[in-house]
Amino acid sequence: MELSRATFEELRRLIHRLCGIVIADEKEYLVRHRLEPLVKKSGCSTFDEFQRKLASLDGLVWQEAIVEAITTQETSFFRDRHPFEALRSRILPELVSAAQSGKAAGNPRKIRTLCCGTATGQEPYSLAMLICDYLATRRPAGIEAADFSILATDISAAALAAAAAAKYGRRDVERGLTPAEIERFFERQGEEWTILPAVRKLVEFRRINLLQPLVLLGTFQLILCRNVLIYFDLPARQRICDQFHEMLAAGGWLVLGSAESLFGIDNRFVSLRVGDTLLFRKPG
Ligand SMILES: C[S@@+](CC[C@H](N)C(=O)[O-])C[C@H]1O[C@@H](n2cnc3c(N)ncnc32)[C@H](O)[C@@H]1O
């Protein structure tokens, strides 16, 4: 189906406004490929007609559908592995120790993690598995699973529905998990693997657009935002990181994707390398 340059420009402006994703000049094929099924589903026979429909009464429904179609939910359990090693060896022990001190001082507080751009849930569930494993092996005095909470967010309602269902196929579980982890954290029914309730109960899912104000979500000790900022332009990255800085407790941690950094975005964080992972920390 033909996509004129003018309509491409309109659509990529709309996409940028709706979810912050930047579509490069040469990515017409991406818009055509991802949105053509929507054009057909809407009963339109051309992109121009679809473009006009977006301004009509039911335009909002189609705008939502555009966001669903244009976002990329590529993810896997323990993606890149090494950040989870850094979490296990450096971040969790510190967070647990601070929580123990808080309890001892009569000021108990949950260890709160915000996981942004969570896609179909593999990332927050990996963290929840790591926490369960940490508690089972280290047995930190006075700390239990109920002391942790993970708020996992995404703009895609479809991705979040899949995440909340916590059911995965063979390809998903075999991508990133060891046989022992599959055995330990999933219940299998035929070709479907469901995450066990003990892991699931650590994670809450909520639909949140990172372009909207985030600070009402409260304070977190840890924020994961991996492989999400790469889709945005510099002003959007700066606005989002500015909010992360505000939401993090003093000494709180920010974990970005392996190919991402805060260079040129925000210089208020301290960076430190743990193994192969570059971590960012709010001073305090
Ligand atoms: C490539 S996935 C990253 C998944 C996971 N964090 C990981 O690293 O494996 C990017 C996710 O960001 C989400 N996303 C894109 N734009 C967003 C926005 N404006 N607000 C919230 N989430 C967004 C997409 O829906 C998608 O699920």
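Residues numbered from 1 in each chain as written. Predicted model: local features only at pLDDT ≥ 70, side-chain atom pairs only at ≥ 80, totals over all residues. Heavy atoms only, no water.

**Q** What is the right way to read the state of the cysteines from this model?
**A** One pass over the structure, following the stated rule, counts zero disulfides. The structure places no disulfide on cysteine 115, whose sulfur is separated from the nearest cysteine sulfur, that of cysteine 116, by 7.1 Å. Overall, cysteine 115 belongs to the buried group, its relative accessible area being 1%. Here cysteine 225 stays unpaired: no disulfide links it, and the sulfur of cysteine 116, its closest cysteine neighbor, is 4.8 Å away. By relative accessible area, which is 0% here, cysteine 225 ends up buried. (Disulfide = S-S within 2.5 Å. Buried < 20%, exposed > 50% of the residue type's maximum accessible area, 1.4 Å probe, protein only.)

**Q** Looking at this structure, how should I read the site of the ligand?
**A** Taken together, 21 residues lie near the ligand, and Cys19, Thr75, Gly117, Asp154 and Asn227 sit nearest. Within the side chain of glutamine 73, one N or O atom sits 2.9 Å away from an oxygen atom of the ligand. Contact distances for the ligand include 3.3 Å between a nitrogen atom and a backbone N or O atom of isoleucine 155. Alone, the ligand offers 610 Å² of accessible surface; in the complex the protein occludes 99% of this. Here the ligand occupies the largest pocket. Considered class by class, the residues forming the shell around the ligand number eight nonpolar, eight polar and five charged. (Near = heavy atom within 4 Å. Polar contact = N/O pair within 3.5 Å; in protein donor to acceptor, adjacent residues only side chain to side chain. Areas by Shrake-Rupley, 256 points an atom, 1.4 Å probe, with all protein chains shown as cover. 1 Å grid on protein atoms, 1.4 Å probe; cavity = no way out; pocket = protein on both sides within 12 Å on 5 of 7 lines; lining within 4 Å. Sits in = over half its atoms within 2 Å of the grid points. Nonpolar A, V, L, I, M, F, W, Y, C, P; charged D, E, K, R; others polar.)

**Q** Explanation requested: the domain arrangement of the chain in the structure shown.
**A** In terms of domains, the chain is made up of domain 1 (5-70) and domain 2 (82-281). The gap between the C-alpha centroids of domain 1 and domain 2 is 32 Å. Each side of the interface is counted separately: domain 1 has ten residues, and domain 2 has ten residues. Taken together, the connections running from domain 1 to domain 2 amount to one salt bridge. Between arginine 207 and glutamate 64 there is a salt bridge, with its nearest N and O atoms 3.0 Å apart. For the pair domain 1 and domain 2, the interface holds seven residue pairs in polar contact (both at pLDDT 80 or more). (Domains from an automatic or database assignment. Contact = heavy atoms within 4.5 Å. Salt bridge = Lys/Arg side-chain N within 4 Å of Asp/Glu carboxyl O.)

**Q** Please clarify how helix 4 (residues 59-70) should be interpreted in this entry.
**A** An α-helical turn contains 3.6 residues, so a residue and the one three or four places further along point in the same direction. Taking 1.5 Å of rise per residue, twelve residues should cover 16 Å, and helix 4 covers 16 Å from first to last C-alpha, within 8% of that figure. All buried positions along helix 4 are accounted for by Gly59, Trp62, Gln63, Ala65, Ile66, Val67, Ala69 and Ile70. Close packing links the buried residues of helix 4 with helix 1 (5-19), helix 2 (28-41) and helix 3 (47-53). (Helix = DSSP H or I, 4+ residues; strand = E, 2+ residues; numbered from the N terminus. Expected span 1.5 Å × (residues − 1).)

**Q** Got a minute to help me understand the sheet that holds strand 3 (residues 167-168) in this structure?
**A** Sheet strands pair by backbone hydrogen bonding; their relative direction is either parallel or antiparallel. With antiparallel pairing, three strands are arranged side by side in an open sheet as 3-5-4. The outermost strands of the open sheet, each flanked by one partner alone, are strand 3 and strand 4 (186-189). Across four bridges, the pairing between strand 4 and strand 5 (residues 192-195) is antiparallel. Paired with glutamine 189 across the bridge in strand 5 is glutamate 192. (Pairing = 2+ DSSP bridges.)

**Q** Quick question: what am I supposed to make of helix 2 here?
**A** Compared with the 20 Å implied by 1.5 Å per residue over 14 residues, the 20 Å span of helix 2 between its first and last C-alpha is a close match. Residue leucine 35 marks the point of greatest curvature in helix 2, where the axis turns by about 45°; the proline proline 37 follows within four residues. Taken residue by residue, helix 2 has Glu28, Val31, Leu35, Glu36, Leu38 and Val39 as its buried positions. In this fold, the buried residues of helix 2 make contact with helix 1, helix 3 and helix 4. Taken from the residues just after helix 2, glycine 43 is the one with a positive phi, measuring 90°. (Bend = angle between axes of the 7 residues up to and from the residue.)

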